[in-house]
Amino acid sequence: MSKTNMQSDTTSIQHSARQVAIKVISNILLQQGSLSTQLARHQTEVAGEHIPLLKELSFGVCRQYPKLNSIALHLLAHPFEEKDTDLYATLLLGLYQLTYMNTPDHAAVNESVEACRLLNKDWATKLMNAVLRRYQREANEIIESLESMPSVEFNQPKWLVKRFNKHWPEQLEEIIEASNTHPPMCIRVNQGRVSRETYKDQLLKKGIKSEEGLFSDSALYLKSAVRIGELPNFDNGFVSVQDEAAQLSAHILAPKDDEKILDACAAPGGKTGHLLEKADCIQLTAIELEPWRMEKIESNLERLGYSASLICADAGDLGAWWDGEHFDKILLDVPCSATGVIRRNPDIKINRKPADIDELVVIQRGILNKVWTTLKPNGFMLYATCSLMPEENEQQIQYFLANQDDALEVSLDSLAPDFALEWGIAVSHGRQLFPTLEGHDGFYYCLLQKKPNSK
């Protein structure tokens, strides 16, 4: 292939991934779904080898959105109208390439201009060219003039920085720094198949270096991320990709053979699989509302070689799924603001709003009250979120305990006395973990027990 043809082919590849990225980002800006949902829906529109570029562009713009958005609004005399959200997405992509990628400046500008044509909006080409070339010339001065804005200084929405500072002033710097970085790749070793030490050696033989997690004895952190196909015996269920904080749930619940266990709000099935790895003779029921997420649970369990009763329903709608048989243990990982996992879901920086917290608290409260009735007397429920908001966590539990006379809080090591509580910090109810740079995500856990002789 000639150099000219190679350049043409490369441009075609970039335009392909770029145009799909514009579509993904536009839909996120229009609040038409999460980043993970949009990528799952649209990544089939590019060739498999171009998916990494699509993800880099999409994740990158979302991760840097507060800063890029401030720069874009500074550069534009008038914001784009909603019908031209695709042009705004194009501008954000151009700014991302100029600021964070190795794309030559002229290529980033030219690709953005060409993207306007591909969107059939030729009228915007001169504007796109002028705005990006001005940024190219004045980037340092523009950023310096904006750096006192929270969105630029912290690269987080202003309201979120205020919330973090209000609730966790001592941890603010740690939270912001960890939330703005790429998360480490953490895997969970299926100890029913192989020991963590043996698997670590198997990784090393493939040139993959790893370190043990400090809190979960099934966790390994990879020094550098790899494709899951490179993990030894991945397809045979020896290992799964799961953050260490999420792994703690199965250790806390410590399932035993023949117990009847509920995993409510179960997708994508990481915790479901881990519970079965700890005791595969349990009677496990997993509930998930969305069919496409239920498919993920099914594929995860199939790979691991385990089975469970999978029901697609609203966990709070007992009439849709519950047969009246009570559970020994329940894992309730409720829908939440996901403010502890922003680095894995950077579109939170775009779509999460203060009012969402209040709405989620109501949803959580409803699910918690309903699912509680399916627990046996003396049974245990582990309440979990990947949120850093006390309203969703310790305050939610405080309200529940004040209004549920058959519930009591017990220590998180009640079911596994050898499980050391050296992670996170103790709060008024339960424990709160914060995202760490080279370690676990932000998470919250509280263990509840139903009093004996309860109905």
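Above this text sits the structure in question.
Residues numbered from 1 in each chain as written. Predicted model: local features only at pLDDT ≥ 70, side-chain atom pairs only at ≥ 80, totals over all residues. Heavy atoms only, no water.

### Considering the pairing of strand β13 (residues 443-450)
The buried fraction of β13 amounts to 8 of the 8 residues, a majority that puts the element mostly inside the structure. By the alternation rule, side chains of β13 split into Phe443, Tyr445, Leu447 and Gln449 and Tyr444, Cys446, Leu448 and Lys450, which are all buried. Taken together, the 6 bridges between strand β9 (residues 375-385) and β13 define a ladder with antiparallel strand orientation. Across the sheet, the residue bridging to alanine 384 is tyrosine 445, located in β13. Looking at chain direction, strand β10 (residues 407-410) and β13 are connected through 4 bridges and run antiparallel. Following the sheet pairing, leucine 408 is matched in β13 by glutamine 449. Note that strand β12 (residues 431-433) and β13 share 3 bridges and pair antiparallel. (Buried < 20%, exposed > 50% of the residue type's maximum accessible area, 1.4 Å probe, protein only. Helix = DSSP H or I, 4+ residues; strand = E, 2+ residues; numbered from the N terminus. Pairing = 2+ DSSP bridges.)

### Points about the sheet that holds strand β4 (residues 239-241)
Strand order in the open sheet made by the 4 strands is β2-β3-β1-β4, with antiparallel pairing throughout. Edge strands, defined here as strands with exactly one partner in the open sheet, are β2 (210-212) and β4. If you compare each strand with its neighbour and ignore which way they point, the axes differ by 30 degrees on average. Where strand β1 (residues 186-189) lies against β4, 3 bridges are found, and the strand directions are antiparallel. For arginine 188, the partnering residue across the bridge sits in β4 and is serine 240. Together, β1 and β4 form the strand contacts of helix α13 (residues 270-278), whose direction differs from that of β1 by roughly 30 degrees. (Axes fitted to C-alpha atoms, helices over the stretch in contact; angles between N-to-C directions. Contact = heavy atoms within 4.5 Å.)

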